[in-house]
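What follows is each chain in one-letter form.
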Amino acid sequence: SIAKGSKFNNFVSSWVQSRFDILADRIAAEKLKILFQNDSSQKTTVGLSSMSFAFGKATKEAGMRFVLHSQWCHPITQNQLITDAYHKLKLPAPSFLKSKIYRQIKEYELADLIWCPSAFVQESLIENGVPKEKTFVSHVGVNINDFNVNKDARSPSQPFMILFVGSVCVQKGVHVLLEALLHSSISNTVMIFNGVADQPAKLKFI
């Protein structure tokens, strides 16, 4: 009963998020058309994967170059990885919307270039038929010079603190973090989760 409820809740959440993405995409496309009418100097737009199909079409129709930021790996690879992780944890795998997968693939076809935040994302696209020449890798990182961290400032008696920022869910790899910590030699640890936990995470981790 709990498992079925969790799977249904995941489906509803995915459907609602998909509707929101489509609406945001259409609004952005209409705003883009107005911008093009008032300023023809624009040459390139950048859209976010899974919510830039209409946006990408509007860009191409205006004769501009469309760059897609693929913040996830290819949906076929992503869905397989998530399904495998849920099965490993003995949780009901979420339902994936075919319409969302279709929209992401159509965005890949529209894009002149696809920005991949990691080599893994790029490899997943190429393995699923996206031409390599359409992809490039640009890591999302931080300037470590902005952070002055003194590694010797913590005394041995103080706990080793880990801060997790993001949704607490299987997709974010919370189980991998916990398993790594259990197999590490680190003791006296405090882990802080700063994010909302979904139902599967509550069932398994909390």
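This text follows the structure it describes.
Residues numbered from 1 in each chain as written. Predicted model: local features only at pLDDT ≥ 70, side-chain atom pairs only at ≥ 80, totals over all residues. Heavy atoms only, no water.

## Overview of the overall build of the protein chain
Next, step 1: If you tally the helices and strands in the protein chain, you get 7 helices and 6 strands.
Next, step 2: For the protein chain, the proportion of its 206 residues judged to be buried stands at 33%.
Next, step 3: Taking as baseline every contact in the protein chain between residues at least 6 positions apart, the subset at least 24 positions apart corresponds to 62%.
Next, step 4: When the accessible surface of the protein chain is totalled, it reaches about 13,200 Å², and 58% of it is carbon and sulfur. (Helix = DSSP H or I, 4+ residues; strand = E, 2+ residues; numbered from the N terminus. Buried < 20%, exposed > 50% of the residue type's maximum accessible area, 1.4 Å probe, protein only. Contact = heavy atoms within 4.5 Å. Areas by Shrake-Rupley, 256 points an atom, 1.4 Å probe, with all protein chains shown as cover.)

## Observations concerning the sheet that holds strand β2 (residues 65-69)
Next, step 1: Spatially, the 4 strands line up as an open sheet ordered β1-β2-β3-β4, and their pairing is parallel. If you trace the sheet from one side to the other, it starts and ends with β1 (44-48) and β4 (135-137), each paired once. Looking at each pair of strands side by side, their axes are set apart by 25 degrees on average, direction ignored.
Next, step 2: When β1 meets β2, the two strands line up parallel, connected through 5 bridges. Bridge pairing links Gly 47 to Leu 68 in β2.
Next, step 3: On the sheet, helix α2 (residues 53-61) packs against β1 and β2 and is oriented at approximately 160 degrees with respect to β2.
Next, step 4: Contacting β1, β2 and β3 (113-116), helix α4 (residues 98-110) runs over the sheet at an angle of about 140 degrees to β2. (Pairing = 2+ DSSP bridges. Axes fitted to C-alpha atoms, helices over the stretch in contact; angles between N-to-C directions.)

## Re the pairing of β2
Next, step 1: In terms of residue burial, β2 counts as a mostly covered element, since 4 of its 5 residues are buried.
Next, step 2: In terms of handedness, the path from β1 via α2 over to β2 forms a crossover that is right-handed.
Next, step 3: Summarising the sheet, β2 and β3 pair through 3 bridges and their orientation is parallel. Within β3, the position partnered with Val 67 by the bridge is Leu 113. (Right-handed = clockwise from strand over helix to strand, strands pointing away.)

## Brief notes about a nonpolar patch on the surface
Next, step 1: Taken together, the side chains of Met 161, Leu 163, Val 165, Val 190 and Ile 192 make up a nonpolar region of the molecular surface, amounting to roughly 460 Å² of accessible area.
Next, step 2: Only β5 (160-165) and β6 (189-194) provide two or more residues apiece to the nonpolar patch.
Next, step 3: Residue contributions to the nonpolar patch peak at 3 residues, all from β5.
Next, step 4: Note that Ile 192 resides in strand β6.
Next, step 5: What makes Ile 192 partly exposed here is its relative accessible area of 36%. (Patch = residues over 30% accessible without salt bridge, like charges linked within 9 Å, V, L, I, M, F, W, Y side chains within 5 Å. Salt bridge = Lys/Arg side-chain N within 4 Å of Asp/Glu carboxyl O.)

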